[in-house]
Amino acid sequence: MNRRDFLKTTLLGALAVGPLSKALHASEANQPAATLPDLTALHGGTPETMWQAGIKAMGGMERFVKKGAKVVVKPNIAWTLAPEFAANTSPELVAAIVQDALKAGAEEVIVFDHSCDNGPDCYRISGIAAAAEKAGARVLHANVKSAYRQVKINNAAAMTQADVFAAVLDCDTFINVPILKHHGGAKMSGAMKNLMGIVWDRRIMHRKGLTQTIVDLTSLRKPDLNVVDAYRMLMDHGPRSGNLKDVSTGKFMLLSTDPVAVDVAAAKLLRFNEKTIHYLTEAARRKLGEADLSKLKIERIEM
């Protein structure tokens, strides 16, 4: 997707256009939450520079990470593919988030995913383990059931309990960092779909139906911040592909505390009608977030 397509996109075409400096000046850190954007959409930078501009617009990392906090960063590290294939989150983005969490005073930052392919290989080939460790994170593998704790999910429609990675349940701040991509089963993998990597047995979710179980899981522990990595996007044959022909270098990023809103915005970047993504419409019906972007304060930053 080129810049012209970016400006024509329903989401971003509705946003106020202005230079980056003006946008950042309007969103200085430590503003009252009521004056901050509900969603920040960025285009044209590197994963690191878009993160830096985006988190500043959202009120700064100190809004989300307090001194002494235990932080969990959950990227997508599901596949044994290098970053250029857009199957896993950009390692540069993960490292930047870890660094900023530690600068904000976090006592510990854990990075993990329950990989679909061989876990150690995914961590190594994706580049995320090395980048996160260099940034100061504690990198954990999630391939041992003893690392999970069974919890009940209140008001669930289909999945009333799940074995969830204990670090997610125990942390002070949970930052969800999916890569945006097509998904053969759920249609789209974004913020909410990425949460499947915090459970031990994903097969239960497939058997009971992703439309309901993804929403059930989101209701259990909504992330404190969702950072959708769309620098590279997998436009087809997801969630893995392995074919560079399916990859679009869009150079986008979306940040929001609202998993529904950020996924609606993400769907537009993939050129999907969000109403055809069934778990997304179900999440909106259950009032887990706002699906009508016209009701939100959205800040657009062109780098």
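Now for a description of the structure that goes with this document. Because the structure is a prediction, the values reported are computed rather than measured.

1. Re helix α5 (residues 91–103)
Next up, step 1: The first and last C-alpha atoms of α5 sit 18 Å apart over 13 residues, in line with the 18 Å expected at 1.5 Å per residue.
Next up, step 2: All of the buried residues along α5 are P91, L93, V94, A95, A96, I97, V98, D100 and A101.
Next up, step 3: Looking one or two places after α5, you find G105, whose phi comes out positive at around 110 degrees.

2. Digging into the packing of helix α12 (residues 259–269) against helix α13 (residues 278–285)
Next up, step 1: Packing of α12 against α13 leaves a shortest axis separation of 10 Å and a crossing angle of 145 degrees. Along this stretch, α12 crosses α13, giving a crossing that reads as left-handed. Residues V260, D263 and V264 of α12 lie in contact with α13, whose contacting residues are Y279, L280, A283 and A284.
Next up, step 2: Among the residues forming the contact of α12 with α13, the class breakdown is six nonpolar, no polar and one charged.

3. Here's the deal with the packing of aromatic side chains
Next up, step 1: Applying the stated criterion across every chain, the model contains three aromatic pairs.
Next up, step 2: Measuring from centroid to centroid gives 5.4 Å for Y148 and F165, while their planes differ by 75 degrees, and the two rings are edge-to-face. Note that Y148 is positioned in strand β5 (residues 148–152) and F165 in strand β6 (residues 161–165), a separation of 17 residues in sequence.
Next up, step 3: By relative accessible area, which is 9% here, Y148 ends up buried.
Next up, step 4: Relative accessible area serves as the criterion here: at 3%, F165 is assigned to the buried category.
Next up, step 5: Aromatic pair Y148 and W200: ring centres 5.3 Å apart, planes at 65 degrees, arrangement edge-to-face. Taken as a pair, Y148 in strand β5 and W200 in the loop between α9 (191–194) and α10 (202–208) lie far apart in primary sequence, 52 residues in all.
Next up, step 6: Lying over the aromatic face of F272, K187 brings its terminal NZ or CZ to 5.0 Å of the ring centre.

4. Observations regarding the pattern of salt bridges
Next up, step 1: Under the definition given, this model contains 13 salt bridges.
Next up, step 2: In this structure, the salt-bridge partner of E108 is R138, at a minimum N-O distance of 3.1 Å. Placement of the pair is E108 in strand β3 (residues 108–111) and R138 in strand β4 (residues 138–139), with a sequence separation of 30 residues.
Next up, step 3: Accessibility expressed as a relative area gives 22% for E108, which makes it partly exposed.
Next up, step 4: On the accessibility criterion, R138 (43% relative accessible area) is partly exposed.
Next up, step 5: The salt bridge involving R240 is made with D117; its shortest N-O contact spans 3.1 Å. Here R240 is found in the loop between β10 (225–234) and β11 (247–256), whereas its partner D117 is found in the loop between β3 and α6 (119–125), with 123 residues between them in sequence.
Next up, step 6: Sharing partners across several salt bridges, the network here consists of D216, E282, R285 and R286.

Conventions used here
Residues numbered from 1 in each chain as written. Predicted model: local features only at pLDDT ≥ 70, side-chain atom pairs only at ≥ 80, totals over all residues. Heavy atoms only, no water. Helix = DSSP H or I, 4+ residues; strand = E, 2+ residues; numbered from the N terminus. Expected span 1.5 Å × (residues − 1). Buried < 20%, exposed > 50% of the residue type's maximum accessible area, 1.4 Å probe, protein only. Axes fitted to C-alpha atoms, helices over the stretch in contact; angles between N-to-C directions. Left-handed = near helix turned anticlockwise from the far one by under 90°. Contact = heavy atoms within 4.5 Å. Nonpolar A, V, L, I, M, F, W, Y, C, P; charged D, E, K, R; others polar. Phe/Tyr/Trp six-rings, centres within 6.5 Å; stacked < 30°, edge-to-face > 60°. Lys NZ or Arg CZ within 6 Å of the ring centre and 35° of its normal. Salt bridge = Lys/Arg side-chain N within 4 Å of Asp/Glu carboxyl O.

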